[in-house]
Amino acid sequence: MSELNGSRGTVTVLVNGQRVTLLRGTMLAAALVNAGVPCRISESGEQRTALCGMGICFECRAVVDGVPQQRTCQIACKEGMTVETQR
Amino acid sequence: MNRTYDIVVVGAGPAGLAAATAASNAGHRVAVVDDNPHAGGQIWRAGAGRSAADRAKEQAIAAFEASGADLFAGHQVVDAAPSPGTLQAWVGAEQRLESFAFESLILATGARERFLPFPGWTLPGVFGAGGLQALVRGGYDIRGKRVVVAGTGPLLLAVAAHLKQDGAEIVTIAEQAPMRRLAGFATNLISRPAKVLQGMRLRTELGSVPYRTGCWVVAVEGGETVTAVRLTDGSRTWTERCDLLACGFHLVPNTELASLLECRMTEAGVEVSAEQQTSVKGIYCAGEPTGVAGVDAATVQGKIAGLVAAGKSAAATQLYARRDAEAAFGRAMTLAFALRPELLSLAAPDTIVCRCEDVRLGDLQGKMMPRKDWTDAKLQTRCGMGPCQGRICGPALEALFGWRNASVRPPVFPVPISALCSAPSDDEVSILEPQEISR
């Protein structure tokens, strides 16, 4: 990502148990989409990822550090964070 | 924690920053409360390590910081009352509520994209137009991805240009508005050289990318993710292979907080006086919630609201002419990008309309007995009762059925039960502590 080159350093997060290294400041929703992992499974079993990207639609909600219903588009990745698809 | 300010501003986008800067410079204690992690709102949404390329953003944020107003980012407003003026915000990162007391409140809550349902729109790989741009700014690597940008509104060109810059291959831009309406809008712009130049610059950046007017998506194809979209111009329908669809139908104002405070509404949004005062004393509104009109309108309305709330009404009058001109631009834009009726019959009976609760169009039409209104639909189908509280399906239901959300109740954003249990009144906290309940 050319625009991320200005940021210093990387962080490692666990996405559904897989270690992923990202540029510091990457939003969790972007990390999930980059990894091809759905944010949540819908009421009828569909895979969903972020839609609005601005904290309104709640499609990107996932389990972050064990806490469910977190909007991943509004949370920047931090070292050691875990994020899991919300089922 | 309880904090006390003369003026609280909700929203740190162009309108909110301008309002807070003006009020703080006039000597008042001002707090800005915003859900997002950084100031700038959606139009100036910050990227991960992205250099603030936009001069307007840099200047607005520098002026705001110099004014001495306080910023509370990552604070999502969940409740508010006009008198006594109080506001509750949920701090997600710390899983706690924060309270603010104020004399005056300025609502600068911005706008969101309008979404309409069509077959395949819930597939991974379909994003809002602004939504995809926000994700890319947040670190989504879009290099080499084939993207169709579709829907309506000036945002489509800007999004396409940015995505291209970030390495995407833009297959086509499908703008549903017909050429004759856009031409009328463009003629309208001749008195605004800055806006014309901006449009021309975007078009140049897009090079040979086709910008098709009178063209819209009828369906998305793909099993697990998007493989193609079907487009039509009304007479011919064809398929474009792509990896992603960025699709939004212009903007709708965020008026939930104003509704909660019982501010009077117009067709366009929150009703305001010449001084940006709402129908509720001490509550002002600026920017998109008063009617979608773009960043320049937001900035000037914010400045007026900030000055008036700070008791500088005379100074504010000098900005009225500019504000009115920008409002006229907004009205022309709304007309130019009005939805064509064909868009309202794209969804099939099994197309999901409410994404939170997976309510399908067929459920809403009700085979035996059609739903009367949104309240009826909610009771029968749970439509609009998920965590977005109808923010996404609401504008679609209004377009499809003419239904409007009848009531807005606190919390205006979902919060954990524990937050409500430990909320303000100190004397009740001890009996409502969540651990007490679970014991």
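Residues numbered from 1 in each chain as written. Chains lettered and ligands numbered in written order. Predicted model: local features only at pLDDT ≥ 70, side-chain atom pairs only at ≥ 80, totals over all residues.

(A) Main features of the overall build of chain A. Of regular secondary structure, chain A possesses one helix and seven strands. Each helix and strand of chain A, ordered N terminal to C terminal, gives the series β-β-α-β-β-β-β-β. Relative to the 2.2 N^0.38 estimate, which gives 12 Å for 87 residues, the radius of gyration of chain A is 12 Å and therefore close to what a compact globule would have. Considered along the principal axes of its C-alpha atoms, chain A spans approximately 40 × 25 × 20 Å. Across the 87 residues in chain A, those meeting the buried criterion constitute 51%. Counting contacts in chain A only where the partners sit at least 6 residues apart, residues at least 24 apart contribute 34% of the total. (Helix = DSSP H or I, 4+ residues; strand = E, 2+ residues; numbered from the N terminus. Rg over C-alpha atoms; globule rule 2.2 N^0.38 Å. Buried ≥ 20, exposed ≤ 12 C-beta atoms within 10 Å, placed from the backbone. Contact = placed C-beta atoms within 7 Å.)

(B) Fine view of the interface of chain B and chain A. On the side of chain A, 39 residues touch chain B, which itself brings 33 residues to the contact. Among the secondary structure elements, those contributing two or more residues to the side of chain B that touches chain A are strand 9 (111–113) and helix 3 (129–137) of chain B. Considering every element that reaches the side of chain B that touches chain A, the biggest residue donor is helix 3 of chain B, with five residues. Among the residues making up the side of chain B that touches chain A, the classes are represented as 12 nonpolar, 11 polar and 10 charged. (Nonpolar A, V, L, I, M, F, W, Y, C, P; charged D, E, K, R; others polar.)

(C) Region of interest: the domain arrangement of chain B. Residue and element names in this part refer to chain B. Along its sequence, chain B is organised into domain 1 (2–112 + 252–334), domain 2 (115–249) and domain 3 (347–401). Taking the mean C-alpha position of each, domain 1 and domain 2 sit 29 Å from one another. Partitioned by chemical class, the residues of the side of domain 1 that touches domain 2 number four nonpolar, two polar and two charged. (Domains from an automatic or database assignment.)

(D) Highlighting the sheet that holds strand 2 (residues 18–23) of chain A. All names here are of chain A. With respect to topology, five strands assemble into an open sheet ordered 2-1-7-5-6, the strand pairing being mixed. Of all strands in the sheet, those bounded by a partner on one side alone are strand 2 and strand 6 (67–71). The mean angle between the axes of side-by-side strands here comes to 40°, regardless of whether they run parallel or antiparallel. In the sheet, strand 5 (residues 61–64) pairs with strand 6 via three bridges, with the strands oriented antiparallel. For Ala62, the partnering residue across the bridge sits in strand 6 and is Gln70. (Pairing = 2+ DSSP bridges. Axes fitted to C-alpha atoms, helices over the stretch in contact; angles between N-to-C directions.)

(E) Representation of the confidence of the model for chain A. Counting all residues, the mean pLDDT for chain A is 91, and 91% of those residues have values of 70 or more. Predicted confidence for residues 1–6 of chain A stays below pLDDT 50, and this span has 13 contacts to residues more than four positions away or in other chains. (pLDDT = per-residue confidence, 0-100.)

(F) Main features of the packing of helix 5 (residues 179–188) of chain B against helix 10 (residues 320–336) of chain B. Residue and element names in this part refer to chain B. The contact between helix 5 and helix 10 brings their axes to 9 Å, and the two run at 165°. Here helix 5 is positioned roughly antiparallel relative to helix 10, judged by the angle of their axes. As helix 5 runs across helix 10, the sense of the crossing is left-handed. Residue-level inspection shows Arg181, Leu182, Gly184, Phe185 and Asn188 of helix 5 in contact with helix 10, the latter providing Ala332, Met333 and Ala336. Per-class residue counts for the contact of helix 5 with helix 10 are five nonpolar, two polar and one charged. (Parallel < 35°, antiparallel > 145°, perpendicular 65-115°, else oblique. Left-handed = near helix turned anticlockwise from the far one by under 90°.)

(G) Here's a closer look at the sheet that holds strand 15 (residues 228–232) of chain B. Residue and element names in this part refer to chain B. In space, the three strands of this open sheet follow the order 14-15-16, with antiparallel pairing throughout. Two strands close off the open sheet at either side, each with one partner strand: strand 14 (216–221) and strand 16 (237–241). Along the sheet, successive strands turn relative to each other by an average axial angle of 30°, direction set aside. In this structure, strand 14 lies alongside strand 15, joined through five bridges in antiparallel fashion. Counterpart to Val220 in the pairing with strand 15 is Val229.

(H) Representation of the pairing of strand 5 of chain A within the structure. Residue and element names in this part refer to chain A. Taken together, strand 5 and the strand that follows it, strand 6, pair antiparallel across an intervening segment of two residues, in which Asp65 is found at a positive phi of about 50°. Inspection of the sheet shows strand 5 paired to strand 7 (residues 82–84) by two bridges, in the antiparallel sense. Residue pairing for strand 7: Val64 is matched across the bridge by Val83.

(I) Focus on helix 4 (residues 155–165) of chain B. Residue and element names in this part refer to chain B. Residues of helix 4 that are buried include every one of Leu155, Leu156, Leu157, Val159, Ala160, Ala161 and Leu163, and no others. In this fold, the buried residues of helix 4 make contact with helix 3, strand 11 (146–152), strand 12 (169–175), helix 6 (193–206) and strand 17 (244–249). Just downstream of helix 4 lies Gly167, where phi reads positive at about 105°.

(J) View of the pairing of strand 8 (residues 104–107) of chain B. All names here are of chain B. Of the two faces of strand 8, the one lined by Ser104 and Ile106 and the one lined by Leu105 and Leu107 are each fully buried. Pairing of strand 2 (residues 7–10) with strand 8, which is carried by four bridges, proceeds in the parallel orientation. In the strand pairing of strand 8, Ile7 is matched with Ser104.

(K) Geometry of helix 6 of chain B. With 14 residues, helix 6 of chain B should reach 20 Å at 1.5 Å per residue; the first-to-last C-alpha distance of 20 Å fits that figure. Phi for Gly207 of chain B, located one or two positions after helix 6 of chain B, is positive at around 55°. (Expected span 1.5 Å × (residues − 1).)

(L) Quick peek at the nonpolar core. In terms of nonpolar packing, the biggest core is built from 88 residues, with Ala29 of chain A together with Leu135, Val147, Val149, Leu245 and Ala246 of chain B touching the most fellow members. Sorting elements by how many residues they give to this core places helix 4 of chain B first, with seven residues. Composition of this core by domain shows at least three residues from each of domain 2 (115–249) and domain 3 (347–401) of chain B. In this structure, Ala29 of chain A is in contact with Cys39, Ala50, Cys60, Thr72 and Cys73 of chain A together with Leu135 and Gly138 of chain B, ignoring residues within four places of it in sequence. (Core = buried A, V, L, I, M, F, W, Y, C linked by C-beta atoms within 7 Å.)

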